Amino acid sequence: MTVNRVDAFIPSDQFYTNYNYAQQAVWNVYSYLPNGLASLSYEAITDNAEATNVTDLSNVFNQGVWNQYVNPDDVWSKNFNAIRAANLYLKNKDKADIEYIKNRIVTADSTPYFNARNNVKFMEGEVLFLKAYFYLELIKRYGGVPVLREAFEYKSEDWKNLPRNTLDECVKYIVELCDAASAIIPQNLSSYSWYDVGRVTYGAIKTLKAKALLYAASPLFKSAGTTATWEDAAKAFNDVIALNAYMLDANYNNVFGANALTSKEMIFFRQYGNTNSVEYANFPISFQGSNGNSVTPTQNLVDQFEVLIKDGSGAVTGSRPFSWLNADDAANPYANRDPRLNNTVILNNTSFSGAVIETFDGGAAGFPKLNATKTGYYLKKWVNPSINLVTN
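1. What to know about the overall build of the protein
Item 1. Assigned secondary structure in the protein consists of 15 helices and 8 strands.
Item 2. Projected onto its principal axes, the C-alpha positions of the protein cover 75 × 65 × 55 Å.
Item 3. Put simply, the protein has 392 residues, and 41% of those count as buried.
Item 4. Long-range pairs, those at least 24 residues apart, make up 66% of the contacts in the protein with a sequence separation of at least 6.
Item 5. Total accessible area computed for the protein in this model is approximately 22000 Å², and 52% of it derives from carbon and sulfur atoms.
Item 6. Across the protein, the mean location of the 34 positive side-chain charges is 4 Å away from that of the 38 negative side-chain charges.

Rendered as structure tokens:
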């Protein structure tokens, strides 16, 4: 049998001249954004939660067995791969050919061509923002890292032994990228209906810049040589506030449920398709289909929700800290609590997804069942109670 070798590799000169391929290259850069829900169990590293499954990755930290070789939160390679993808696009961004769109127009309406022209321009701003985002993810964990302004080939020796830039240089580079991106992405995108929800916005860029400066002004970063001040961070956040585009949502559930996309609290987010992985993991163990990988809130977290103070008519006039030393609190610990408690935590003997949840020892969702809650609580936040785990 004769086998002919077919080289299917597309040279970059050809790849980026194709407008659709160039767009796919930008989507690829987006794909490196953190998968927040996949890291939900990391809450169990903190005092806020406890993992029900002893094999949960959070125990690598909690048991002190993490090191340079075993680190579930090691994002070095992922983010530098993302930065390389961003640099490749930025190097080739001007090659996208959209003339074929103009040539296809047979009416007086040239909208498709102008949309494509704007899209090519905006894609540069998006990638600049994403590159800044990936650098902030790196410096939060590793301090100063090499600032790469161009893409190196994997087979090249040029990238080896590159020195780290100082932390201050990295922060300034993030600010530089954000300033460049905000000069490209319009503040008002309402006239660009084709610009998909979830893509980078002007507000997201300004917020990332402010967040980077806030880190840089912190004592931890200052001790590593950063020069940004609290005033710099405050001014940057004031720029975000001045946009008048974001505000606290009156409905707490909107922020963490199906209506999140329309919530005024949302600044930048990664969208998901239809998925029930959070429900499979976090439905109480009493539900058929629950896989027992729950992240269960601790008493420490529950105690942080304040007690509401009401007047004689029942109107809320203020709040006070909850305390087990207060006889009324100890006698009825869930009465008059901040309503966000019931939207965040499944309490013992409360209803969830059509069932009363028994978290006490011997209860349907408590010990001695395998992977039952260790804290007496289950997570409600992010969990859609309308999902049926049996019928998927």
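2. Examining the environment of Trp 66
Item 1. Its place among the elements puts Trp 66 in the loop between helix H3 (58–62) and helix H4 (76–92).
Item 2. Once residues lying within four places of it in the same chain are set aside, the contact partners of Trp 66 are Val 60, Phe 61 and Asn 71.

3. Here we look at H4
Item 1. Helix length check: H4, at 17 residues, gives a terminal C-alpha distance of 25 Å against a target of 24 Å (1.5 Å per residue), a fit within 8%.
Item 2. All of the buried residues in H4 are Asn 79, Phe 80, Ala 82, Ile 83, Arg 84, Ala 85, Ala 86, Asn 87, Tyr 89, Leu 90 and Asn 92.
Item 3. Check the buried side of H4 and you find it contacts helix H1 (12–15), helix H2 (19–30) and helix H6 (111–142).

4. Focus: the side chain of Thr 52
Item 1. Residue placement: Thr 52 occurs in the loop between strand E1 (49–51) and H3.
Item 2. Its relative accessible area of 2% is what places Thr 52 among the buried residues.
Item 3. Looking at Thr 52, its side chain comes within polar contact range of the main-chain nitrogen of Ser 294, at 3.0 Å.
Item 4. When near neighbours in sequence (up to four residues on either side) are disregarded, Thr 52 contacts Gly 292, Asn 293, Ser 294, Thr 296, Asn 371, Ala 372, Thr 373 and Lys 374.

5. Some details on the pairing of strand E3 (residues 307–310)
When a strand is regular, its side chains alternate between the sheet's two faces.
Item 1. Pairing between E3 and strand E4 (residues 316–320): 4 bridges, direction antiparallel. Across the sheet, residue Ile 309 finds its bridge partner in E4, namely Gly 318.
Item 2. Adjacent in sequence and paired antiparallel, E3 and E4 are bridged by 5 residues, among which Gly 314 carries a positive phi angle near 95°.

6. Re the packing of aromatic side chains
Item 1. Throughout the structure, instances matching the rule amount to 28 aromatic pairs.
Item 2. Summarising the aromatic geometry, the rings of Phe 122 and Trp 194 are spaced 5.8 Å apart at their centres and angled 15° between planes, so their arrangement reads as stacked. Of the two residues, Phe 122 is situated in helix H6 and Trp 194 in the loop between helix H7 (167–182) and helix H8 (202–217); the sequence distance between them amounts to 72 residues.
Item 3. The exposure class of Phe 122 is buried, given its relative accessible area of 0%.
Item 4. Ring centres of Tyr 133 and Phe 134 lie 6.3 Å apart, and the angle between their planes is 80°; on these two criteria the pair is classed as edge-to-face.
Item 5. Looking at Phe 134, the relative accessible area reads 0%, which means it is buried.

7. Observations concerning the environment of Val 345
Item 1. Here Val 345 is to be found in strand E5 (residues 345–346).
Item 2. Assessed through its relative accessible area of 0%, Val 345 is described here as buried.
Item 3. As for Val 345 and Asn 244, which are separated by 101 residues in sequence, their C-alpha atoms are 32 Å apart.
Item 4. Filtering out sequence-adjacent residues up to four positions away, Val 345 remains in contact with Pro 297, Val 302, Tyr 377, Tyr 378 and Lys 380.

8. Some details on H8
Item 1. Taking 1.5 Å per residue as the helical rise, H8 with its 16 residues ought to reach 22 Å, and the 23 Å between its terminal C-alpha atoms agrees with that figure.
Item 2. In terms of burial, H8 is a largely internal element, 13 of the 16 residues being buried.

9. A few points about the nonpolar core
Item 1. Residues Tyr 89, Phe 129, Phe 134, Tyr 135, Ile 139 and Ile 174 are the most contacted members of the largest nonpolar core, which totals 63 residues.
Item 2. Counting residues per element, this core draws most heavily on H6, which supplies 16 residues.
Item 3. Beyond its immediate sequence surroundings of up to four residues, Ile 139 is in contact with Val 145, Leu 167, Cys 170, Val 171, Ile 174 and Phe 221.
Item 4. Judged by nonpolar contacts, the second largest core, of 15 residues, contains Phe 283, Ile 346, Leu 379 and Ile 387.

10. What to know about the pattern of salt bridges
Item 1. Following the criterion strictly, the structure yields 13 salt bridges and no others.
Item 2. Of the charged contacts in the structure, one is a salt bridge between Arg 141 and Asp 73, with a shortest N-O distance of 2.9 Å. A residue pair is termed long-range when its members are at least 10 positions apart, and Arg 141 in helix H6 and Asp 73 in the loop between H3 and H4 qualify at 68 residues.
Item 3. Taken together, the salt bridges that share partners define one network made up of Asp 73, Glu 137, Lys 140 and Arg 141.

Here is what the cut-offs are and how they apply
Residues numbered from 1 in each chain as written. Predicted model: local features only at pLDDT ≥ 70, side-chain atom pairs only at ≥ 80, totals over all residues. Heavy atoms only, no water. Helix = DSSP H or I, 4+ residues; strand = E, 2+ residues; numbered from the N terminus. Buried < 20%, exposed > 50% of the residue type's maximum accessible area, 1.4 Å probe, protein only. Contact = heavy atoms within 4.5 Å. Areas by Shrake-Rupley, 256 points an atom, 1.4 Å probe, with all protein chains shown as cover. Lys, Arg positive; Asp, Glu negative; His and termini not counted. Charge placed at Lys NZ, Arg CZ, Asp CG, Glu CD. Expected span 1.5 Å × (residues − 1). Polar contact = N/O pair within 3.5 Å; in protein donor to acceptor, adjacent residues only side chain to side chain. Pairing = 2+ DSSP bridges. Phe/Tyr/Trp six-rings, centres within 6.5 Å; stacked < 30°, edge-to-face > 60°. Core = buried A, V, L, I, M, F, W, Y, C linked by side-chain atoms within 4.5 Å. Salt bridge = Lys/Arg side-chain N within 4 Å of Asp/Glu carboxyl O.

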